[in-house]
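So you can see what is in the structure, the chains are spelled out below.
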Amino acid sequence: MLITSVPSDVTPPAGGLRMVDPELSRLIERDRRRHNQTLNLIASENYASRAVLEALASHLNVKYAEGYPHARYYQGVALVDDIESLAIERARALFGAEHANVQPYSGSPANMAALYTLAKPGDTIMGMDLSHGGHLTHGSRVSFSGIQFNVVSYHVRQDSEKIDFDEVEALAKERRPKVIIAGYSAYPREIDWAAFRRIADLVGAKLLADIAHIAGLVAGGAHSSPIPYADVITSTTHKTLRGPRGGLILCRAEYAKDVDRAVFPMLQGGPHLQQIASKAVCFHEAQSEAFRAYARRVVENARALADRLQERSFSLWAGGTDNHLLVVKLFDRDFTGAAFAAALEQAGIITSKSTVPGETRSPRQTSGVRFGTPALTSRGATPDDMRRIGDLVARVAEHVGDPAALRCIGREVRAIADGLARIA
Ligand code: DSN
């Protein structure tokens, strides 16, 4: 923010958003109200603290500092060197990692930098099929990962809908990938990092763990850590970790230089120091006992919601959840994931449609809906709230296409939302 006692035609306007740009201000305010009046069960979203947002909105937005601490291409960087070093040290301490790069703008660039660290274009990489819970950057043919690398996709088992380690091992032996990627966007069960390490070692592959979704659970001790097993670990900082929108790479010391070079100058330009400062706050918060309790509650809440949905006759991917998310399968219903997610939104329950194992519909329609508990847990929701929400989800399923009934359910949704902490 620029405050001046000598306003002139050339200084930026001094007023706040409401005064300078009322049109945009109103839209932001309406969206804030939408969050407070509805129940956000999007598995990848979360509400950051005021301290995290304060750092994100700070004057650090101004600074160019291409390079890394103590090796920059700009002057005036002594204090941002300290800020980035603090973020790096906190990330290393939080996860117990040998090296951290806190510059990735978000999860996809983090994955790109990690893949270019461990493989060259044209090499073979192996990741979970997108429709079985993988991410676009794990080898989808519409992403750089599928365009620039030879991709082998593994799947979940048909019977248990858990990772098919027999297939992972067989495909790895047959195709000899340079990199095996573990970590997902819609997989509800705990990941067996040791099993992936064993298979990677069998074929001389590097193991890339993408913990974008579960980073907060790992940091908070509610999910096992890939640190002892993976060569490189990528993450976002804004999902369960509850920080600013952003990415993070952790790795063993032997990959440090290559990871740093892949992020800058290969892929990115100047680091976003306001975002890095905000990540530092997030890593600090995540070291607290309160955050460990939060991580445990996220999982308890997901289990409570999963149990209630099963009691209400929903069929769940892999029969439930070990983490922060669950996916309902709609093969036994006469509506799609897209239609169900839209009906839920009409009642004030915000989710995202999801493809599921055995998918028969397009990614725009899908046969599943994904639910996650990080955001509502940040608003203080309890397992009891989750059971009430599960009952309301079941009622929505009985009234897809009936706007009057959905409005009526929406009043009960609103009552739950009104009882939770508000975002400011
Ligand atoms: N894949 C998105 C999600 O899980 O919502 C984030 O990249």
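Above this text you will find the structure in question.
Computed from a prediction, not measured in an experiment: that's the story for all the values here.

*Asks:* Help me understand the pattern of salt bridges, please; the structure alone is not making it clear to me.
*Replies:* Two side chains with opposite charge may pair up if their charged atoms get near one another. One pass over the full model with this rule turns up 27 salt bridges. With a shortest N-O distance of 3.9 Å, Arg 296 and Glu 289 are connected by a salt bridge. A network of salt bridges, in which partner residues are shared, links Arg 308, Glu 311, Arg 312, Asp 391 and Glu 398.

*Asks:* For this particular structure, what's the right way to read the packing of aromatic side chains?
*Replies:* The way to describe two aromatic rings as a pair is by their centre distance and the angle between their planes. Applying the stated criterion to the full structure yields 11 aromatic pairs. Ring geometry for Phe 165 and Phe 196: centres 4.9 Å apart, planes at 65 degrees, overall edge-to-face. One end of the pair, Phe 165, is in helix α7 (residues 165-175); the other, Phe 196, is in helix α8 (residues 193-203), with 31 residues separating them in the sequence. For the pair Tyr 184 and Tyr 187, a centre-to-centre distance of 5.4 Å together with 65 degrees between the ring planes defines the contact as edge-to-face. Take Tyr 184 and Tyr 187: they sit in the same class, and that class is buried. Grouping aromatic residues by their ring pairs yields a cluster made of Tyr 154, Phe 165, Tyr 184, Tyr 187 and Phe 196. A cation over an aromatic ring shows up here: Arg 242 above the ring of Tyr 294, its NZ or CZ 4.0 Å from the ring centre.

*Asks:* Teacher, can you tell me more about the sheet that holds strand β12 (residues 325-329) here?
*Replies:* The four strands are arranged β11-β12-β15-β14 in an open sheet whose pairing can be described as antiparallel. Looking at the sheet topology across the chains shown, the edges are occupied by β11 (315-316) and β14 (352-354). Most of the contacts of helix α13 (residues 337-346) go to strand β15 (residues 368-372), to which it runs at about 45 degrees, and overall it touches β12, β14 and β15.

*Asks:* When you look at the packing of helix α12 (residues 289-311) against helix α15 (residues 383-398) in this model, what are you seeing that I'm missing?
*Replies:* To describe two helices that pack against each other, one gives the angle between their axes and the distance between the axes. In contact at an axis separation of 8 Å, α12 and α15 are set at 35 degrees when each is read in the N-to-C sense. Where α12 crosses over α15, the two elements pack in a sense that is right-handed. Counted together, Arg 297, Glu 300, Asn 301, Ala 304, Leu 305, Arg 308 and Leu 309 of α12 and Pro 383, Met 386, Arg 387, Ile 389, Gly 390, Asp 391 and Val 393 of α15 form the full contact between these two elements. The residue inventory of the contact of α12 with α15, partitioned by class, reads seven nonpolar, two polar and five charged.

*Asks:* How should I be thinking about the sheet that holds strand β4 (residues 99-101) in this particular structure?
*Replies:* By definition, the strands of a sheet pair up through backbone hydrogen bonds, in either a parallel or an antiparallel sense. One open sheet accounts for seven strands, arranged β4-β10-β9-β8-β7-β5-β6; its pairing is mixed. Two strands close off the open sheet at either side, each with one partner strand: β4 and β6 (150-154). Each adjacent strand pair in this sheet contributes to an overall mean axis angle of 20 degrees, direction not counted. Looking at chain direction, strand β8 (residues 206-210) and strand β9 (residues 232-236) are connected through three bridges and run parallel. Paired with Leu 208 across the bridge in β9 is Val 232.

*Asks:* Whenever I open this one, the pairing of strand β10 (residues 247-251) confuses me. Can you help?
*Replies:* Both faces of the sheet carry side chains from a regular strand, because those side chains alternate between them. In terms of burial, β10 is a largely internal element, five of the five residues being buried. Of the two faces of β10, both are covered, the one formed by Gly 247, Ile 249 and Cys 251 as well as the one formed by Leu 248 and Leu 250. Bridging between β4 and β10 involves three bridges; their strand directions are antiparallel. Bridging from a neighbouring strand, Ala 100 pairs with Leu 250 of β10. Sheet analysis places β9 next to β10, joined by five bridges and oriented antiparallel. Looking across to β10, one finds that Ile 233 is bridged to Leu 250.

*Asks:* I'm lost on the site of the ligand in this one. Help?
*Replies:* Taken together, Ser 44, His 135, Ser 185, His 213, Lys 239 and Arg 370 make up all the residues around the ligand. Between the ligand and Ser 185, the relevant distance is 3.5 Å, taken from a nitrogen atom to a side-chain nitrogen or oxygen of the residue. Within the side chain of Arg 370, a nitrogen or oxygen atom sits 2.8 Å from an oxygen atom of the ligand. Here the ligand has 230 Å² of accessible area as a free molecule, and 65% of this is covered by the chains. Residues that form the shell around the ligand fall into these classes: no nonpolar, four polar and two charged.

*Asks:* Looking at this structure, I do not really get the pairing of β15. What am I missing?
*Replies:* The element β15 is largely enclosed, with a buried count of five among its five residues. Both faces of β15 are covered, namely the face carrying Gly 368, Arg 370 and Gly 372 and the face carrying Val 369 and Phe 371. As defined by bridge partners, β12 adjoins β15 across five bridges and the pair is classed as antiparallel. Following the sheet pairing, Leu 326 is matched in β15 by Phe 371. Of the pairings in the sheet, the one linking β14 to β15 comprises three bridges and is antiparallel in character. Opposite Ser 354, over in β15, you have Gly 368 as the bridge partner.

Cut-offs and rules
Residues numbered from 1 in each chain as written. Predicted model: local features only at pLDDT ≥ 70, side-chain atom pairs only at ≥ 80, totals over all residues. Heavy atoms only, no water. Salt bridge = Lys/Arg side-chain N within 4 Å of Asp/Glu carboxyl O. Phe/Tyr/Trp six-rings, centres within 6.5 Å; stacked < 30°, edge-to-face > 60°. Helix = DSSP H or I, 4+ residues; strand = E, 2+ residues; numbered from the N terminus. Buried < 20%, exposed > 50% of the residue type's maximum accessible area, 1.4 Å probe, protein only. Lys NZ or Arg CZ within 6 Å of the ring centre and 35° of its normal. Pairing = 2+ DSSP bridges. Contact = heavy atoms within 4.5 Å. Axes fitted to C-alpha atoms, helices over the stretch in contact; angles between N-to-C directions. Left-handed = near helix turned anticlockwise from the far one by under 90°. Nonpolar A, V, L, I, M, F, W, Y, C, P; charged D, E, K, R; others polar. Near = heavy atom within 4 Å. Polar contact = N/O pair within 3.5 Å; in protein donor to acceptor, adjacent residues only side chain to side chain. Areas by Shrake-Rupley, 256 points an atom, 1.4 Å probe, with all protein chains shown as cover.

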